[in-house]
Amino acid sequence: MSVLHVILLSGTVGVGKTTVLLEIGDMLEAGEEAYALLDLDWLAWVRPSANTHVSVQQILVDNLAHACRTFRAAGVRRLVMARAVETSEDVDAIHAALATPVALTVVCLTARRDVVADRLRGRDSGERLLEHLRQVDDFAGARDAPGIGGITVATDEMNATSVAQAVVARAGWASV
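Predicted, not measured: the structure shown is a model, and the values here were computed from it.

Enquirer: So what's going on with the pattern of salt bridges? Which residues, and what values?
Expert: Under the counting rule described, the total for this entry stands at nine salt bridges. Glu33 is the salt-bridge partner of Arg77, the closest N and O atoms lying 3.8 Å from each other. You can see Arg77 sitting in the loop between α2 (56-73) and β3 (78-82) and its partner Glu33 sitting in the loop between α1 (17-29) and β2 (35-39), a full 44 residues away along the chain. Judged by relative accessible area, which is 32%, Arg77 ranks as partly exposed. Look at Glu33 and you get partly exposed, because its relative accessible area is 29%.

Set out below in structure tokens:
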């Protein structure tokens, strides 16, 4: 089985994870290699029954394992994912769900709080805006979040295409 090369884009809400995911997808589309894009939030957008003992994180990991098997069966060699990951334990669980052989690179996208707040105000309002602004502060205070993965790309002063190019370069995906 060939190595699955994976980039996990992490960072707080509003930092540009999904936008950069799609930009990298455009870059991959121009090539010949099989690839997949996956916003991990959609695999765990669930409210489990109150009488279940399954966590949202476990639902995410189980769904990712199933999706990964499907991607591998389709010949996918590159996978780009997005999710605000706050702990190294969450990264480890995601890594395990991908099965082996896999080369996982975690890239934390960053931006100043005022930049993220402006982006959120441009897309959200009311309670959703307030909740997302709280999430920005919570993510900044998370134990591991800013240092997970070792690669950090600031999105403050770059457009999405430039950020995507920087992510791909820093992840060592020279052939994209």
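Once you've had a look at it, read on.
Enquirer: I'd like a description of the pairing of β3, backed by residues and values.
Expert: Taken residue by residue, a regular strand's side chains alternate between the two faces of the sheet. The element β3 is largely enclosed, with a buried count of five among its five residues. Taking every second residue as pointing to the same face, both faces of β3 are buried, with Arg78, Val80 and Ala82 on one and Leu79 and Met81 on the other. In this sheet, β3 lies alongside strand β1 (residues 4-10) in parallel orientation, the contact comprising five bridges. If you follow Leu8 over to β3, its bridge partner there is Met81. When β2 meets β3, the two strands line up parallel, connected through five bridges. The residue bridging Ala36 from the neighbouring strand is Leu79, located in β3. At this point the chain moves from β2, through α2, to the parallel β3, and the crossover so formed is right-handed.

Enquirer: Pulling in residues and values, what's your account of helix α6 (residues 160-170)?
Expert: What α6 keeps buried is the set Val163, Ala164, Val167 and Val168. For α6, the angular spread of the buried residues around the axis is 130°, confining them to a single face. Residues of α6 that are buried in the fold lie against β1, α1, β4 (102-110) and β5 (151-154). Where α6 begins, one side-chain oxygen reaches toward the backbone nitrogen of Thr161, 3.2 Å away; that side chain belongs to Asn159. Two residues or fewer past α6, Gly172 is found with a positive phi of approximately 80°.

Enquirer: Give me α2: which residues, what numbers.
Expert: In this model α2 runs 26 Å from its N-terminal to its C-terminal C-alpha over 18 residues, within 8% of the 26 Å that 1.5 Å per residue would give. If you check which residues of α2 are buried, you get Ile59, Leu60, Val61, Leu64, Ala65, Ala67, Cys68, Phe71 and Arg72. Here the buried face of α2 lies against β1, β2, β3, α3 (88-97) and β4.

Enquirer: So what's going on with the layout of surface pockets? Residues and values would help.
Expert: Of the volumes computed, that of the largest pocket is approximately 980 Å³. For the lining of the largest pocket, the elements supplying multiple residues, two or more each, are α1, α2, α4 (113-123), α5 (126-141) and α6. The biggest single contributor to the lining of the largest pocket is α5, with six residues. Its residues assigned to classes, the lining of the largest pocket comprises 13 nonpolar, 10 polar and 11 charged. By volume, the second largest pocket amounts to about 190 Å³. Lining the second largest pocket are 14 residues, and of these Thr12, Ala111, Val136, Phe139 and Ala140 sit closest to its centre.

Thresholds applied
Residues numbered from 1 in each chain as written. Predicted model: local features only at pLDDT ≥ 70, side-chain atom pairs only at ≥ 80, totals over all residues. Heavy atoms only, no water. Salt bridge = Lys/Arg side-chain N within 4 Å of Asp/Glu carboxyl O. Helix = DSSP H or I, 4+ residues; strand = E, 2+ residues; numbered from the N terminus. Buried < 20%, exposed > 50% of the residue type's maximum accessible area, 1.4 Å probe, protein only. Pairing = 2+ DSSP bridges. Right-handed = clockwise from strand over helix to strand, strands pointing away. Arc of directions from axis to C-beta. Contact = heavy atoms within 4.5 Å. Polar contact = N/O pair within 3.5 Å; in protein donor to acceptor, adjacent residues only side chain to side chain. Expected span 1.5 Å × (residues − 1). 1 Å grid on protein atoms, 1.4 Å probe; cavity = no way out; pocket = protein on both sides within 12 Å on 5 of 7 lines; lining within 4 Å. Points joined across faces, edges and corners; volume = space filled by probe spheres on them. Nonpolar A, V, L, I, M, F, W, Y, C, P; charged D, E, K, R; others polar.

So, to be careful, I would describe these as geometric facts and stop short of saying anything about function.
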